[in-house]
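Residues per chain, in single letters:
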Amino acid sequence: LTGISIPTLIDRFLMVEECAQQADGMLAVVMVVPPKYIHPQKFGIKVALHFGLTTNVFTDEDAALHWLSTAAMRAG
């Protein structure tokens, strides 16, 4: 995706709330994005965990894939 503005805290909250509701605890989500899109305290990730969504965000695809594979092992 290109041309996406940096999400506000409200955008992040609403996005992960919707994802968590749709996932219903059935999947893990990982995102790979440029550093400017990651909140310094990973606000969206903290909110997602509160809603029961297993998720994380990375700037590196290899790190994201590693996290995803370990998340799958923990769940299964």
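What you see as residue numbers is a count from 1 along each chain, following the sequence as written. For a predicted model such as this one, the threshold for reporting local features is a pLDDT of at least 70, and the threshold for listing and counting side-chain atom pairs is 80 or more; totals across whole chains, interfaces and linings nevertheless cover every residue. Excluding hydrogens and water, the side-chain values take into account all heavy atoms of the structure.

Asks: I tried to follow the overall build of the protein on my own but got confused; where do I start?
Replies: Secondary structure is summarised from DSSP: a helix means a run of H or I of at least four residues, a strand means a run of E of at least two, and numbering begins at the N terminus for each. Looking only at helices and strands, the protein features 3 helices and 2 strands. Scanning the protein from its N terminus toward the C terminus, one meets helices and strands in the order α-β-α-β-α. C-alpha atoms define the radius of gyration, and 2.2 Å times the number of residues to the power 0.38 defines the globule rule. A compact globule built from 76 residues would reach a C-alpha radius of gyration of about 11 Å, and the protein, at 12 Å, matches this within 12%. Judged by the C-alpha coordinates and their principal axes, the protein covers about 35 × 25 × 20 Å. Any two residues having at least one pair of non-hydrogen atoms within 4.5 Å are treated as being in contact. In the protein, 76% of the contacts between residues at least 6 apart in sequence involve partners at least 24 apart. Residue burial considers only the protein chains on display, and all accessible areas are found by Shrake-Rupley using a 1.4 Å probe. Summing over all exposed atoms, the protein offers an accessible surface of approximately 5,400 Å²; the carbon and sulfur share of this is 62%.

Asks: Got a minute to help me understand the pairing of strand E1 (residues 28–32) in this structure?
Replies: On a regular strand, each side chain points to the face opposite its neighbour's, so the side chains alternate between the two faces of the sheet. Pairing between strands requires that DSSP locate at least two bridges from one strand to the other. Examined bridge by bridge, E1 and strand E2 (residues 54–58) share 5 bridges and lie parallel to one another. Within the sheet, the bridge partner assigned to Val-32 lies in E2 and is Phe-58.

Asks: Sorry if this is basic, but what is going on with unusual backbone geometry here?
Replies: One non-glycine residue, Asp-24, lies in the positive phi region at around 50°. Mapping Asp-24 onto the fold places it in the loop between helix H1 (9–23) and E1. In this structure, Lys-42 takes a positive phi of about 50° despite not being glycine. Mapped onto the elements of the fold, Lys-42 is located in the loop between E1 and helix H2 (43–50).

Asks: Even after reading the chapter, I still don't get the layout of surface pockets, so can you show me in this structure?
Replies: Where empty space is left becomes clear once a probe the size of a water molecule has been rolled over the atoms. Grid spacing is 1 Å over the protein atoms alone, the probe is 1.4 Å, and a cavity is where that probe fits but cannot get out, while a pocket is an open set with protein on both sides within 12 Å along at least five of seven lines and lining residues have an atom within 4 Å of a point. Grid points are joined across faces, edges and corners, and a volume is the space filled by probe spheres set on the points. In this structure, the largest pocket spans a volume of roughly 410 Å³. Looking at the lining of the largest pocket, the elements with two or more residues in it are H1 and H2. Asp, Glu, Lys and Arg are counted as charged, while Ala, Val, Leu, Ile, Met, Phe, Trp, Tyr, Cys and Pro are counted as nonpolar; the rest, among them Gly, fall into the polar class. Here the lining of the largest pocket is composed, by residue class, of 13 nonpolar, 2 polar and 2 charged.

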